[in-house]
Amino acid sequence: MSSTYVTTPIYYVNAEPHLGHAYTTIIGDAITRWSRLTGAPTKFLTGTDEHGLKIQQAAEAAGVSPQAFTDDIAPKFAAAWDKLNIANDDFIRTTEPRHKVAVAELLQRCYDAGDIELDTFAGKYCVACEEYYSDDELVSAEGVAGEGELCPIHQRPVEYFEEENYFFRLSRFQDRLLDWYAKHPTAMTPEHRGNEALGLIRSGLRDFSISRTSLEWGIPLPWDPKHVTYVWFDALTNYLAAVGFGSDDQDYEDWWPAIHLIGKDIVRQHCVYWPAMLMSAGVELPKRWAIGGWLLVGGEKMSKTSGNVVNPLDLIDDIGLDGFRYYVLAETPYGSDGDFTYEGLVARYNSDLANNLGNLAARVATVVAKKCDGVGPAPDPDSPLSAAAETAYTESAAQWAELQPSRALDATWGLIRATNAHLEQNEPWKADPGPDVDRVMGDALEALRIVAILSSPAIPDTAQTVWERIGMPGQVADQHLPDAVTWGGYPGGADVVKGDPLFPRIKL
């Protein structure tokens, strides 16, 4: 079975982690956990971007060195991911030696290929984007393109720069990129985000600057150390550095190429610049780019500049870790913009978790205690729920394969809804103990067993709790698909425990 290597963007350390960072990281974590259920060797990478003008300026404002500044902020990201139960295998910092080795290797390959050349550049530059913009791309305060001096992403004034830089000759790669994407039509998902990247390529590609002499905080070019590597050859190469590019051929062979999870605001850099850089260096292109939308607050992108930052750890105190993870994964189809509200968070929690999954687990345990002496019966091989379970798995698997957690979870919740309906139809709580009650409760316990497995990428702690309460041994995360969800896996004869409510209802 081929390996799966999943990456998030590396996050700038000019500010502490917020809900926007958590959004992509939780999605990457869930995709990783699903991949592990399938038995595929899986590696999940996240990390921090620690070089560049933005970091240098933030450090100066704080009155510390850039290294001291990044050493303070980067561990806060790692700690936040730990609290969010992120199962990453690696956390890379772009100040690490392994990263510097990989950056030098990629730069040298592109330089030797003749695709990096010295030139002089003058242009308008957004520090927040670390990107140059032409006049027709800049916007007015009202958002009108071509009629202002503001960055189209951050709505802030650009700065004029003029200096001698090395340039990557991106303009040479237009036809090669279009040909490659034509041969790999599903490389970018969802399709409408991929079409945006193709539109950028078809509109014409401009060479971009890859070095600075005015910047000190970065990695020197291997052939001209007075120039410091600028942004994209530094930041993007982290994906290669984490799998031994330039230092460990076996690790690189085992894991590369990657599946990149990115936001829609960095499509140009990841889906245009990055594959061209890899082509130049003779490196295999990524398997896939999964392009997410923004998690908005009040209709605006979450950012320090906008002042609408939400700390994800604050929400855990209100709704619990798995409640928060579930909301992030289930609320918005990946690729679309979502609009975060506290009311929406609570409504999703109460509806899907408290009323559906939590209520199902509680009522099953209660009836088993009263009608089956607390011992779970075996399921009926010919249960009407077996078809619902099969549908839940096949539809969930298809959606996870498409990197659509919200739709995968909706398919899983279809089995929860079907099981609740099965109980309502048979009303075992009204019947006398006996074979009919045993059959219904065995079916419900088997459904809960399968739900625990299918939901474990999203709500791992809760899934394990359900697993243990119905008397299943070991770890739910150690199950292997598809065999683990074949109907009839619940053995019967196990003690069933009710325990505290999985998801107590929340009142606003």
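Residues numbered from 1 in each chain as written. Predicted model: local features only at pLDDT ≥ 70, side-chain atom pairs only at ≥ 80, totals over all residues. Heavy atoms only, no water.

## Notes on a negative patch on the surface
A surface patch of like charges, here negative, comprises Asp 248, Asp 249, Glu 253 and Asp 254. Secondary-structure assignment places Asp 254 in helix 9 (residues 249-255). (Patch = residues over 30% accessible without salt bridge, like charges linked within 9 Å, V, L, I, M, F, W, Y side chains within 5 Å. Areas by Shrake-Rupley, 256 points an atom, 1.4 Å probe, with all protein chains shown as cover. Salt bridge = Lys/Arg side-chain N within 4 Å of Asp/Glu carboxyl O. Lys, Arg positive; Asp, Glu negative; His and termini not counted. Charge placed at Lys NZ, Arg CZ, Asp CG, Glu CD. Helix = DSSP H or I, 4+ residues; strand = E, 2+ residues; numbered from the N terminus.)

## A few points about the side chain of Thr 7
Within the fold, Thr 7 resides in strand 1 (residues 4-7). On the basis of relative accessibility, which here comes to 0%, the residue Thr 7 falls in the buried class. Looking at Thr 7, its side chain comes within polar contact range of the side chain of His 260, at 2.8 Å. What Thr 7 contacts, discounting residues up to four positions off in sequence, is Leu 45, Tyr 239, Ala 258, Ile 259, His 260 and Leu 261. (Buried < 20%, exposed > 50% of the residue type's maximum accessible area, 1.4 Å probe, protein only. Polar contact = N/O pair within 3.5 Å; in protein donor to acceptor, adjacent residues only side chain to side chain. Contact = heavy atoms within 4.5 Å.)

## Examining the sheet that holds strand 10 (residues 211-212)
Strands belonging to one sheet form pairs held by backbone hydrogen bonds; the direction of such a pair is parallel or antiparallel. Taken in spatial order, the three strands make up an open sheet running 10-12-11, and their pairing is antiparallel. In this open sheet, the two edge strands, each paired with only one partner strand, are strand 10 and strand 11 (220-221). Pairing of strand 11 with strand 12 (residues 224-229) involves two bridges; the strand directions are antiparallel. In the sheet register, Pro 220 faces strand 12, and the bridge partner there is Val 228. (Pairing = 2+ DSSP bridges.)

## Examining the packing of aromatic side chains
Scanning the entire structure with this criterion turns up 20 aromatic pairs. An angle of 80° between the planes, with centres 5.9 Å apart, marks the rings of Tyr 327 and Phe 340 as edge-to-face. Highlighted residues: Tyr 327 in helix 12 (residues 321-330) and Phe 340 in strand 17 (residues 338-340), separated in sequence by 13 residues. Using a relative accessible area of 8% as the deciding quantity, one classes Phe 340 as buried. Three or more aromatic residues link up through ring pairs in this structure, and these residues are Phe 168, Phe 173, Phe 208, Phe 233 and Tyr 273. For Arg 212, the ring lying beneath its charged end belongs to Tyr 230, and the centroid distance is 3.8 Å. Here the basic side chain of Lys 264 rests over the ring of Trp 294, its NZ or CZ set 4.4 Å away from the ring centre. (Phe/Tyr/Trp six-rings, centres within 6.5 Å; stacked < 30°, edge-to-face > 60°. Lys NZ or Arg CZ within 6 Å of the ring centre and 35° of its normal.)

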